[in-house]
Structure formats: structure tokens, C-alpha cells
Amino acid sequence: VEASIPEPQREAWKRNQITSFTDKDGFEKEVVRHVETTLARSMFNCDEIAAYSATSLAFRDRLITHWNRTQQRQTYRDTKRVYYLSLEFLMGRALDNAMLNVGLKNVAQDGLAELGFRIEDVVKQEHDAALGNGGLGRLAACFLDSLATLNFPAWGYGLRYRYGIFKQEIIDGYQVEVPDYWLDFNPWEFPRHDVTVDIQFFGQVNKKTVGGKTISVWEAGEIVQAVAYDVPIPGYDTPTTNNLRLWSSKASGGEFDFQKFNSGDYESSVADQQRAETISAVLYPNDNLERGKELRLKQQYFWVAASLYDIVRRFKKSRRSWNEFPDQVAIQLNDTHPTLAIVELQRILVDIEGLEWDNAWEIVTSTFGYTNHTVLPEALEKWPVGLVQHLLPRHLQIIYDINLFFLQSVEKAFPDDRDMLRRVSIIEESQPKMVRMAFLAIVGSHKVNGVAELHSDLIKTTIFKDFVEIYGPDKFTNVTNGITPRRWLHQANPRLSELIASKCGGNDFLKDLTLLNQLEKHVEDKQFRKEWAEIKYANKVRLAKHIKDTTGVVVNPASLFDVQVKRIHEYKRQQLNIFGVIHRYLSLKAMTPDQRKKQLPRVSIFGGKAAPGYWMAKQIIHLINSVGAVVNKDEDIGDLLKVIFLEDYNVSKAEMICPASDISEHISTAGTEASGTSNMKFVLNGGLIIGTCDGANIEITREIGESNIFLFGNLSEDVEDLRHAHTYGSHTIDSDLDKVFNEIEKGTFGTPHDFSAMIAAVRQHGDYYLVSDDFHSYIETHQLVDEAYRNQDEWIAKCITSVSRMGFFTSDRCINEYAEEIWNVEPLAVDRHSIWGP
Ligand code: OAK
């Protein structure tokens, strides 16, 4: 049905175009209107939640007009679009970000004050949108912010999980997982009940001959409906408002099957409905780990098939030839989770649109780019052939054909290397046979990138080495990660952002982060340093209050705040940190009271979630809490050492924690952390870091200078030999670490048995993560941190210098690199004054 209003009637629409509020009075009017009509409440019945809801609705209305116009503009200009496919979008809160990006936070602050509310309290009512695990999901969120800010025509595609990452509670020192009920009220999404796609599963493939041509027809065994939910993504200081489309699953053909219901088969009718809804029910809570569950594969195909249907539908409206598809569409695969999109597009082109295989494959490979986010073997996705066959029979055939043609070309190019075929085959000839998703992603994309220089080099020389030989080095590239300075400086640390603006000629640095370099000429300015230090102190006071409120422990904000917040994982080595804390505790205990008086007080702050099935990670959390329980009440120690575990680390907590850190820890075993992005957030907020030569730490060092970072530990090139030596040579444990272990085994921190596996991992099981090898260097480097911190003036100077050199790490730079090197897309210029015209 043609839904477009005919030309003669459009005048009436134009006459009645919506105008958004621009000042306090206009804003207040909208809030009151929403409280009274949308929420059906009044000034006699308006709590902070109602104020939050009404404020959000007021801003949402505003965004949606911009969103509509952005979409109209993009459709009219019909230029190439970017589609970012990610199973995770770790968005955090939306209201604060929307207010800042449209430049009306002050207006809202004044308006809310007049209406009887403090904006900070209103903002805090919002539940984080936590549709991700960690780095990969948060990167996707930063990229959406940059894509909109830079005016790129871009859509994100993801899943609308009913439950995002679980809420973490700490009970008796252990992690307990609680469901995340984030959808109770979410004003930021628009259900599009008219945008649905039927998704097939199971069934069989039949051959049919049509007009002399044999085609494959997939007869589905089950159909599930995908319903679109749209989330507006506002750019900073631009009318561009892009779209994040999240798919929700529903039983196809109505709520449930009335046929079955009426015939008395209630259970099966309800079961069908529930099975369908289960697909988008919950985010898998694993970070850097793939467990190969059938439902996860169903999620992946459901989301990928709905997204591709949508993309193809949009392309077809322009009535171009299929060969133009890659000129109109760039699809980026955020890790291998959406790799089935490659197979699905080939299926659409060959089975449904009737293109020849080779022609279709050329279109497919020109369309996709693949980003790898990890080299950890346990995170590399592989699916049993039998499972794929059962769930997606036609896709397995296509995968086999892709592999056949690929291996034929490899055999031709490397006729003497039989083993090469086995190594690079998309099908691993194991028991059971497996589909190697990363290899499929490489073969089906025109570019493959890593996320920091070291990581991009590592994938070329290790896991994807053979593919560099096959395709040549140009298919592989690096795009070092970045973060959005809007959320991670302007929103998280408004006072620092304002101070920086006062030295950098206003807020332009938020759109061109290299302008931070203007700070450097003010490093010697005493008054500037003083204001800088005051802001850091105030941020620490705020965190100290949160610590008191949530844990009951009183910490002194004048202490050195030492922070490690990220997912709990052995490769990230929170165990190294807590062993170091125990070492510090033992040293303090061994001192006379006079010696102790000369020591620098420290607060060791941890935060992060463990995957529910990751037993060792949960033990690490337990040890941290057990050490805290002993140290925090030790009167010999007092303020000299406090150990804090912050419950339920998430994006909004990160916004409070990053600005309050003096030193943060990025201490993964060299070669294991692909990039890391919290390292960037901490430095940008005027904290220094201690870290290994890993991921983006290396490039941060290059940018800010070696004297402004505390590096320690073995290098990535030595890791393999060390591991080998542990297993085949004699393995001696660092003597200081040995003392730490002995103390744990004495029962100082509770039942020793609880921690025996953690110790055995180092002493008996080859110390895979090199905790002992790096321990001495780690302890020594922390002593350097203490010494440096004693000279506050120099310390602040290091912080300012570091911030001034962080321009490189904005996600705007990343997006421009992707646009240039991988997507070949350009921004769409916007005329701020034109409303209806394109
Ligand atoms: C999660 C699931 C599977 C594979 C990788 C991940 C993941 O989160 N990787 C992380 O990606 C971040 C963004 O690129 C990097 O900064 C982290 O180092 C990496 O662990």
C-alpha cells in the first residue's frame, strides 16, 4: 500500500510541522504535558521516576523529529550506508547523553529545578541499557555515537534482549547473579509492529527445476517472527540522528496458535509462543568465551536474517542492479557472531534472486568487512556441522560450496602444500566436524582488521597466518580502537571538560580531540594545576561516598586510588593485582609504627563481573572480598590500605569511577588483550596507568610518552618460550609471590581450600598467564608509582601532559579510518536550517 501523502495535501503537513523546544519554558511545558497526559499524573503525584520519564519523553520527541529527517535525507540522497552488525550494544544510559548531544542540558537543568527536581537525581533514575558484556559491546556503542556525530549514514543492527547482562550482587564475598529487568519502562525504544520479518529454521532443502535451471528451495520446519524496535542515536552538535534497530522474537501468526488452543492443545500452543520468545530472551553472559549452545546459534541466525532482509528490502527500493549492491551497502561484522550474514546474503542472491554463484559471491565479498576482537582460542567460534545442518540445512550446503571453491583456489596457488588445505579449511576435520567461523568471515570479506597494532600484527602472524599467504597482506589491516569523548569526558567528568574547554578555545575539542594538544602549553600554569587537582579530588570524594554507601567502608579521598575495573578473567590478571595487594599488606604488617607513618595510603578498588559459569573468575572475586574483609578492619593498617570490591560494575558506574582514579591497572599477560579501551578512558580523565606491553597500552605509551606510564612485565614475543619452560623445564615461583601463597595457605584470608586452585594454577599447572614471571616487576613498578605520587605537583603535570596527547584515541578517528579504508563511504552534509528539503 502506498503510504505517502499525495502532493496537494502535503502543504497541510508542512504548515503543521513540529517545532521542538529550544528554551527552558518550552522544555517545562513539554515535561508538564507528558506528566499530565502521557503518564496521567500531576504535580501532586510526581516522583523522580515520573520526572525522569517526562524529561526523557520530551527529549525523545525532539530526537524523533531529527531522526525522521535524517532518514528522509538519507533516503533522498541515496548514498552508500554502513550497517554495523553487533550482537552486543552496551549503551548505558540515554537521557544524559541525549541532553548533552543536543546541547540542551543546561536548559533541562534549569527547567527541572523550577519544577522541583535536581537533574543529577533525575538522570540516576534511568536503568542502564546493558545489552553487552564488555569491550566489544561498548566499542559498538562508542562507534554509533561517532557515526552520528560525523554525519555518516549508518545503522546499527542488534538483538533486543529482554534481559541484558545480569545484575551482580556480592553475598558473603561471592558473586550472585540476578536478572536485569531493564525493559520495565524504556522510553528510548520505538516498537515497529509494522516492520516484521518471518525467519525460518530447521526443515529440509529440495531441488526444483524452474525454466531449465535447478534451484534449491528451503522448506522451513519452524517460523519465528522478528519485530523491529528502533532506538534513536543522536550525534553531538549535529541534527543527524541515526537508527539502532534491535530485533525481538515473537511467535509467527499472532500471540499463539488459536487453532491448537481451541482444540484443547493449550500447552503446545503456549510452548510454541514461549519457544519463539526465548530466542531474544537473554544475552549470553560470556566475555571472550564461546560455549557453542544451540540457542546462541538460533539468536545469531535470527538477527542476521532479519537484518539482511531489511537491508536488501531497502536496497531494492532504489531499483538498482545487483552489481551496485556493494556501492550502496557496507556491512561490518563485529567479531564472528554475525558471520552467517555472509552465507545468508549468498543464499538470497543465488536461491531467491537467481544470480549466478560467482556473480553473487563477488557482490558478497565486496560488501562485508570483518573485525576480529580476540586471539584467545576459547573465544574463537566453531559450530558443530551437525548442529548447523539441523538448524540451517541450506546454509550448511552453501558453506560447503564456499569452502570447496576456496580450497580449489588454494590448491591451485599452493600445489605442493597439502597440509595447507587442512589448516585453512572452513570445515575442521575433527570429531565432530566443526565450522570455523573466523575462517568463513575472512573468506567472505574484503577486509579483516584487528583493533590495535600489536593485535593486528599478532593475528597476521599466528591465527590467520596462512590467510595472509593466500590473500596477500593488503586484505589485513589495523584500526586501533577509540572511545567517544562525549560520554567518557564531557558527560562523565563535566568539571574537567569545562576546565579543558577554558584552555582549548571552547568545546570544539569534543569533535576534534587532537585540539587537546593546546593543554600542553599550560602545564606549568600553577593555577591550572591547582584547579585540575581540585577536580580530581572532588571526583574521588564522590567515589568515596559511593563506596561508603554501598560497602560501608570509609576510605580517605587523599589516598592513592588504584583501580582495576573490567570483566574478571584470568588473562586480565585480577589475581596478579590481589596477590600484589596481599604483598603490600604483609610488608605494612612487618613495619614498625614509625616506618608505617612514612607510607603512602592506598585504596585498591576492583570491579567487574565473572561469567556465571567461569568458576576460577568467581574464586578471584571471592579472594578479593576475603582480603578486603581482613585488611579493612586491621587497626595496624588503618588508612594505609583499603581493599574494595564494587558491586555490579557497568557503564554508568564506569562514568563515576574513571574520573576518580589516580592509577588504573591494565595488566593482561602480554599478547592477550586485543586492545583494551578502559585504558583510554582512564588516561583521558586525568589518571595514570600501570600496564603491560599489550594491546593499546603500547600505542598509548607512544602517544603520551614513556615517562607518563608505568610499564612492566614480560613482552609478548617471550610468552611462548616462558610457557614452554614452565611445562618442560624446572618452574620456580617468585619468592615474594611464594610468601603471599604461604600466607593464604595459613588461613589469614579464610579457608585456604577456597583458594587452592588459584595457587595451584601458578605452582602446579604451568602458570599459563605468567603471574609469577611478572610478579617482581609488578611489585617494583608499584613502588615507583608510590614514589611518583608523593610528588603531587609532578604527578599532576604528568596527568595534564598525558591528556593533552590523547587526541588519537577518539572513536571519531576510528570511524574515519573504517570509512576510508574499509567501507568507502562518505558523510552526508547536513543543512541545519532546512527542515523539509533534503
Ligand atoms: C567478546 C566476545 C568474543 C570475542 C571478543 C570479545 C571482546 O569483548 N573482545 C574485546 O574487544 C574489545 C574491543 O575491541 C577490546 O578492547 C578487548 O581487548 C577485547 O578483549
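One can find the structure itself at the top, above this paragraph.
Please read all numbers here as calculations on a predicted model, not as lab measurements.

Student: Would you explain the environment of Gly-354 in this entry?
Tutor: Its place among the elements puts Gly-354 in the loop between α12 (340-352) and α13 (357-367). We classify Gly-354 as partly exposed; its relative accessible area is 33%. Residues Gly-354 and Ile-215 lie 139 residues apart in sequence; the distance between their C-alpha atoms is 8.3 Å.

Student: How do you make sense of helix α31 (residues 756-763) when you look at a structure like this?
Tutor: Along an α-helix, residues three or four positions apart point the same way, because every turn accommodates 3.6 residues. When α31 is considered as a whole, its buried residues turn out to be Met-758, Ile-759, Ala-760 and Val-762. Residues of α31 that are buried make contact with α23 (574-589), α25 (615-631), α30 (735-746) and α32 (771-790).

Student: I would appreciate a short explanation of the site of the ligand in the present structure.
Tutor: His-373, Asn-481, Glu-673, Ser-675 and Gly-676 are the nearest of the 16 residues found near the ligand. Ser-675 is positioned with one of its backbone polar atoms (N or O) 3.0 Å from an oxygen atom of the ligand. In this structure, an oxygen atom belonging to the ligand sits 2.8 Å away from a main-chain N or O atom of Gly-676. Out of a free accessible area of 450 Å², the ligand has 97% covered by protein chains. Residues of the shell around the ligand, tallied by class, amount to five nonpolar, eight polar and three charged.

Student: Where do I start with the sheet that holds strand β1 (residues 81-85) in this structure?
Tutor: The strands making up a sheet are joined through hydrogen bonds of the backbone, oriented either antiparallel or parallel. With respect to topology, nine strands assemble into an open sheet ordered β7-β10-β11-β4-β1-β12-β13-β17-β18, the strand pairing being mixed. Two strands lie at the open edges of the sheet, namely β7 (190-201) and β18 (476-478), each paired on one side alone. Along the sheet, successive strands turn relative to each other by an average axial angle of 25 degrees, direction set aside. Relative to strand β10 (residues 222-234), β7 runs antiparallel, the two being bridged by nine bridges. Bridge pairing in β10 places Ile-199 opposite Val-224. The strands touched by helix α3 (residues 48-77) are β1, β4 (154-159), β7, β10 and β11 (241-251); relative to β11, the strand with the most contacts, the crossing angle is about 100 degrees.

Student: Mind showing me how you'd approach the pattern of salt bridges here?
Tutor: Oppositely charged side chains are able to pair whenever their charged atoms sit close together. Tallied over the full model, the rule gives 64 salt bridges. In this structure, the salt-bridge partner of Asp-419 is Arg-422, at a minimum N-O distance of 2.7 Å. In this pair, Asp-419 and Arg-422 are both assigned in helix α16 (residues 418-424), three residues apart and thus about one turn of the helix distant. Here Arg-422 falls in the partly exposed class, since its relative accessible area comes to 49%. The salt bridge partner of Glu-743 is Lys-746, with a shortest N-O separation of 3.3 Å. Here the residue Glu-743 and the residue Lys-746 both occupy positions in helix α30, the gap between them amounting to three residues, near one helical turn. Given the relative accessible area of 62%, Lys-746 is considered exposed. Here the residues in one salt-bridge network are Arg-192, Asp-230, Arg-245, Asp-310, Arg-313 and Arg-314, joined through shared partners.

Student: When you look at the sheet that holds strand β15 (residues 427-428) in this model, what are you seeing that I'm missing?
Tutor: Spatially, β14-β16-β15 is the arrangement adopted by the three strands of the open sheet, whose pairing is antiparallel. Sheet topology places β14 (382-384) and β15 at the edges, where each strand pairs with a single neighbour. Across two bridges, β15 lies against strand β16 (residues 434-436) in antiparallel orientation. Its bridge partner being in β16, Ile-427 is matched across the sheet by Val-435.

Student: Please clarify how the packing of α30 against α32 should be interpreted in this entry.
Tutor: The relative placement of two packed helices comes down to the angle between their axes together with the axis-to-axis distance. For the pair α30 and α32, interaxial distance at closest approach is 8 Å and the crossing angle is 105 degrees. Between α30 and α32, the interaxial angle falls into the category roughly perpendicular. Contact with α30, carried on its side by Asp-736, Leu-737 and Val-740, involves Val-771, Ser-772, Phe-775 and His-776 of α32 and no other residues of that element. Among the residues making up the contact of α30 with α32, the classes are represented as four nonpolar, two polar and one charged.

Student: Is there a simple way to think about the pairing of β4 in this case?
Tutor: Across a regular strand the side chains alternate sides, sitting on one face of the sheet and then on the other. Among the six residues in β4, six count as buried, and that is most of the element. Burial of the side chains of β4 extends over both faces: Ala-154, Gly-156 and Gly-158 are buried on one face and Trp-155, Tyr-157 and Leu-159 on the other. Relative to β4, β1 is paired through four bridges, and the arrangement is parallel. Across the sheet, the residue bridging to Val-82 is Ala-154, located in β4. Summarising the sheet, β4 and β11 pair through five bridges and their orientation is parallel. Across the sheet, Gly-158 pairs through a bridge with Leu-246, a residue of β11.

Student: When you look at the layout of surface pockets in this model, what are you seeing that I'm missing?
Tutor: In this approach a probe as big as a water molecule rolls over the atoms, and the regions it shows empty are the leftover space. Approximately 1,400 Å³ is the volume attributed to the second largest pocket. Contributing to the lining of the second largest pocket are 45 residues, with Arg-93, Asp-96, Val-123, Gln-491 and Arg-542 lying nearest its centre. Those elements giving two or more residues to the lining of the second largest pocket turn out to be α4 (95-101), α5 (105-115), α6 (119-123), α20 (485-491), α21 (494-503), α22 (526-551) and α26 (651-657). Ranked by residue count, the leading element in the lining of the second largest pocket is α21, at five residues. Looking at the lining of the second largest pocket residue by residue, the class counts come to 14 nonpolar, 14 polar and 17 charged.

Student: What should I look at first to understand unusual backbone geometry in this one?
Tutor: Cis geometry marks the peptide bond from Gln-431 to Pro-432, where omega comes out at -5 degrees. Inspection of the secondary structure assignment puts Pro-432 in the loop between β15 and β16. For Asn-288, which is not a glycine, the phi torsion comes out positive at approximately 55 degrees. As for its placement among the helices and strands, Asn-288 is situated in the loop between α9 (266-278) and α10 (294-317). For Asp-335, which is not glycine, the phi dihedral falls at a positive 65 degrees. The topology assignment puts Asp-335 in the loop between β12 (329-334) and α12.

Student: Can you walk me through the nonpolar core in this structure?
Tutor: Where a protein is soluble and globular, its nonpolar side chains tend to be buried together. Counting 231 residues, the largest nonpolar core has Phe-201, Trp-247, Ile-500, Trp-532, Phe-579 and Trp-823 as the members making the most contacts within it. With eleven residues, the top contributor of residues to this core is α10. When sequence neighbours within four positions are dropped, the list of residues in contact with Trp-532 reads Leu-496, Leu-499, Ile-500, Leu-519, Gly-686, Ile-796, Cys-799, Ile-800 and Val-803.

Student: In this structure, what is going on with the state of the cysteines? I would like to understand it.
Tutor: What we call a disulfide is simply a covalent bond connecting the sulfur atoms of a pair of cysteines. As enumerated under the stated definition, the model contains zero disulfides in all. Sulfur of Cys-504: no disulfide; nearest cysteine sulfur belongs to Cys-799 and is 16 Å away.

Student: Explanation requested: the side chain of Ser-53 in the structure shown.
Tutor: Structurally, Ser-53 can be placed in helix α3. Aside from chain neighbours lying at most four places away, what touches Ser-53 is Leu-39 and Phe-185.

Student: Any chance you could explain the packing of aromatic side chains here in plain terms?
Tutor: Any aromatic ring pair is given by two values, namely how distant the centres are and how the planes are angled relative to each other. Applying the stated criterion across every chain yields a total of 29 aromatic pairs. An angle of 90 degrees between the planes, with centres 5.3 Å apart, marks the rings of Phe-21 and Phe-59 as edge-to-face. Residue Phe-21 is located in the loop between α1 (7-15) and α2 (24-38), and its partner Phe-59 is located in helix α3; the two are separated by 38 residues in the primary sequence. Its relative accessible area of 7% is what places Phe-21 among the buried residues. For Phe-59, a relative accessible area of 1% corresponds to the buried category. Judged by centre distance (6.2 Å) and plane angle (25 degrees), the rings of Phe-710 and Trp-795 are stacked. Of this pair, Phe-710 sits in strand β24 (residues 710-711) while Trp-795 sits in helix α33 (residues 792-804), and the two are 85 residues apart along the sequence. Each member of the pair, Phe-710 as well as Trp-795, carries the same accessibility label: buried.

Parameters at a glance
Residues numbered from 1 in each chain as written. Predicted model: local features only at pLDDT ≥ 70, side-chain atom pairs only at ≥ 80, totals over all residues. Heavy atoms only, no water. Helix = DSSP H or I, 4+ residues; strand = E, 2+ residues; numbered from the N terminus. Buried < 20%, exposed > 50% of the residue type's maximum accessible area, 1.4 Å probe, protein only. Contact = heavy atoms within 4.5 Å. Near = heavy atom within 4 Å. Polar contact = N/O pair within 3.5 Å; in protein donor to acceptor, adjacent residues only side chain to side chain. Areas by Shrake-Rupley, 256 points an atom, 1.4 Å probe, with all protein chains shown as cover. Nonpolar A, V, L, I, M, F, W, Y, C, P; charged D, E, K, R; others polar. Pairing = 2+ DSSP bridges. Axes fitted to C-alpha atoms, helices over the stretch in contact; angles between N-to-C directions. Salt bridge = Lys/Arg side-chain N within 4 Å of Asp/Glu carboxyl O. Parallel < 35°, antiparallel > 145°, perpendicular 65-115°, else oblique. 1 Å grid on protein atoms, 1.4 Å probe; cavity = no way out; pocket = protein on both sides within 12 Å on 5 of 7 lines; lining within 4 Å. Points joined across faces, edges and corners; volume = space filled by probe spheres on them. Core = buried A, V, L, I, M, F, W, Y, C linked by side-chain atoms within 4.5 Å. Disulfide = S-S within 2.5 Å. Phe/Tyr/Trp six-rings, centres within 6.5 Å; stacked < 30°, edge-to-face > 60°.

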